[in-house]
Amino acid sequence: QMQLVESGGGAVQAGGSLRLSCAASGRGFSLQAMGWFRQAPGVEREFVARINWSAGSTSYTDSVKGRFAISRDNAKNTVYLQMNSLKPEDTAVYYCAGAPWGRPNEYTYWGQGTQVTVSS
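So, a few notes on the structure that sits alongside this text.

What counts and how
- Residues numbered from 1 in each chain as written.
- Predicted model: local features only at pLDDT ≥ 70, side-chain atom pairs only at ≥ 80, totals over all residues.
- Heavy atoms only, no water.
- Disulfide = S-S within 2.5 Å.
- Helix = DSSP H or I, 4+ residues; strand = E, 2+ residues; numbered from the N terminus.
- Buried < 20%, exposed > 50% of the residue type's maximum accessible area, 1.4 Å probe, protein only.
- Pairing = 2+ DSSP bridges.
- Axes fitted to C-alpha atoms, helices over the stretch in contact; angles between N-to-C directions.
- Contact = heavy atoms within 4.5 Å.

Overview of the state of the cysteines
Covalent bonding between the sulfur atoms of two cysteines is what defines a disulfide.
Then step 1. Under the criterion given, the structure shown has one disulfide.
Then step 2. Through a disulfide, Cys22 is tied to Cys96; the S-S separation comes to 1.9 Å. Negative torsions about the S-S bond denote left-handed disulfides, and the value of about 50 degrees found for Cys22 with Cys96 makes this one right-handed. Highlighted residues: Cys22 in strand β3 (residues 18–25) and Cys96 in strand β9 (residues 92–100), separated in sequence by 74 residues.
Then step 3. Given a relative accessible area of 1%, Cys96 falls into the buried group.

Concerning the sheet that holds strand β7 (residues 68–73)
Then step 1. Strand order across the open sheet formed by four strands is β1-β3-β8-β7, with antiparallel pairing between neighbours. This sheet does not close on itself; its edge strands, each paired only once, are β1 (3–7) and β7. Neighbour to neighbour, the strand axes of the sheet diverge by 15 degrees on average, direction disregarded.
Then step 2. Alignment of β1 against β3, held across five bridges, turns out to be antiparallel.

Focus: the environment of Gly98
Then step 1. Here Gly98 lies in strand β9.
Then step 2. Overall, Gly98 belongs to the buried group, its relative accessible area being 0%.
Then step 3. Apart from the residues lying within four places of it in its own chain, the contact partners of Gly98 are Leu4, Leu31, Ala33, Met34, Glu106, Tyr107, Thr108 and Tyr109.

This is how it looks when you write it as structure tokens:
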């Protein structure tokens, strides 16, 4: 019943910025945490960032610390990923995911993905 829809991907040059959005919809809202993951060709899916929905606490993979910021808009049930100082190695399909309340480490819901391409 929960649907996640990502948007905001695109092609940018190294050093540029993008802001990804993930809008959640469905009957009720019972996500305890939402996260961003990415997957590039030939590599496994990688965790990027996570936010606790109620508290707003965040965590990031080391490679994006200081460059990316995850945030949420409670009224819109939307999570954002602000990506600054983008590097070619950030190129990937970015997915947002939601973990239901009570199972914060189980990402049950997934978006369709949005492509981010960073050129040199």
